[in-house]
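Descriptive structure summary
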Amino acid sequence: MSTTPIILFASLLVVVHAGYVPDACMNCICDVETNCRMPDPLCHMDGGSPSCGPFQLKRAYWLDARLKGGDLMNDWQKCAASWTCSRQCVDGYMERYAVRSRLGHNPTCEDFSRIHNGGPNGFKMAATLAYWERVKKCLVGGPGLYQVEHHLKNNTKLG
């Protein structure tokens, strides 16, 4: 009788972690983008177009993600303002572009990170390597490590 609650509990855990992008990778992408905080204001200009929410989603990214991620609240900025929808948006985008048939291998956090940063072909662009290094540093040290090191580096006076 004591094993029944454990089995039910284990079943619930599987549902919670059902996203396409593994939680550690998703959390570190969020950490690198915004320190995993909901920005205020929600959007800011980046590369000539607004980026919104904790994952800095652009409208074109959201539109692509809808092809695999569902309606995503039918509104890009409302989705970006929702933690759940933002994560679903990243998952949908990755389900479309970070797939074995495009990559030639099962997707890794490096692929997810570089595609998130550089678009559908970001996984093969040299310009996304620095972004991946930031995500990788988070994976090794946990969320927040990159920001702490970056802050210390930029606020430490030598000599």
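Residues numbered from 1 in each chain as written. Predicted model: local features only at pLDDT ≥ 70, side-chain atom pairs only at ≥ 80, totals over all residues. Heavy atoms only, no water.

Some words on helix α3 (residues 59-69)
Among all positions in α3, only Y61, W62 and A65 are buried. Down the axis of α3, the buried side of the element spans an arc of 95 degrees, and every buried residue falls inside it. Away from the buried face of α3 by more than 90 degrees, exposed residues A60 and L67 are located. In this structure, the buried residues of α3 make contact with α4 (76-80), α5 (83-97) and α7 (109-118). One or two positions beyond α3, positive phi appears at G70, with a value near 90 degrees. (Buried < 20%, exposed > 50% of the residue type's maximum accessible area, 1.4 Å probe, protein only. Helix = DSSP H or I, 4+ residues; strand = E, 2+ residues; numbered from the N terminus. Arc of directions from axis to C-beta. Contact = heavy atoms within 4.5 Å.)

Some details on the state of the cysteines
Applying the stated criterion across every chain yields a total of 5 disulfides. A sulfur-sulfur separation of 2.1 Å characterises the disulfide bridge that pairs C28 with C138. Judged by the sign of its S-S torsion, about -75 degrees, the cystine formed by C28 and C138 is left-handed. Highlighted residues: C28 in helix α2 (residues 23-34) and C138 in helix α8 (residues 129-141), separated in sequence by 110 residues. A relative accessible area of 2% places C28 in the buried class. A disulfide bridge connects C30 with C36, and the sulfur atoms are separated by 2.1 Å. Taking the sign of the S-S torsion, 100 degrees for the link of C30 and C36, the bridge is right-handed. By relative accessible area, which is 26% here, C36 ends up partly exposed. (Disulfide = S-S within 2.5 Å.)

Quick notes on the confidence of the model for the protein chain
Mean pLDDT over the protein chain: 84, with 78% of residues reaching 70 or higher. Across the protein chain, the element-wise mean pLDDT spans from 37 in helix α1 (residues 3-16) up to 98 in α7. When the criterion is pLDDT under 50, residues 1-17 qualifies, and its contacts beyond four places in sequence or with other chains add up to 1 contact. Counting contacts from residues 146-159, a segment whose pLDDT is below 50, to residues more than four positions away or on other chains yields 6 contacts. (pLDDT = per-residue confidence, 0-100.)

What to know about the pairing of strand β1 (residues 43-46)
Remember that side chains alternate between the two faces of the sheet whenever the strand is regular. Note that β1 and strand β2 (residues 49-52) share 4 bridges and pair antiparallel. Each residue of the ladder has a partner; that of M45, found in β2, is P50. Hairpin connection between β1 and β2: a loop of 2 residues separates the two successive antiparallel strands, and G47 in this loop has a positive phi of roughly 65 degrees. (Pairing = 2+ DSSP bridges.)

With respect to the packing of aromatic side chains
Counted by the stated rule, this structure contains 3 aromatic pairs. Each ring, one from Y20 and one from F112, has its centre 5.7 Å from the other, and the planes form 75 degrees; the classification is edge-to-face. Residue Y20 is found in the loop between α1 and α2, and its partner F112 is found in helix α7; the two are separated by 92 residues along the sequence. Taken together, the ring pairs connect Y61, Y93 and Y97 into an aromatic cluster. (Phe/Tyr/Trp six-rings, centres within 6.5 Å; stacked < 30°, edge-to-face > 60°.)

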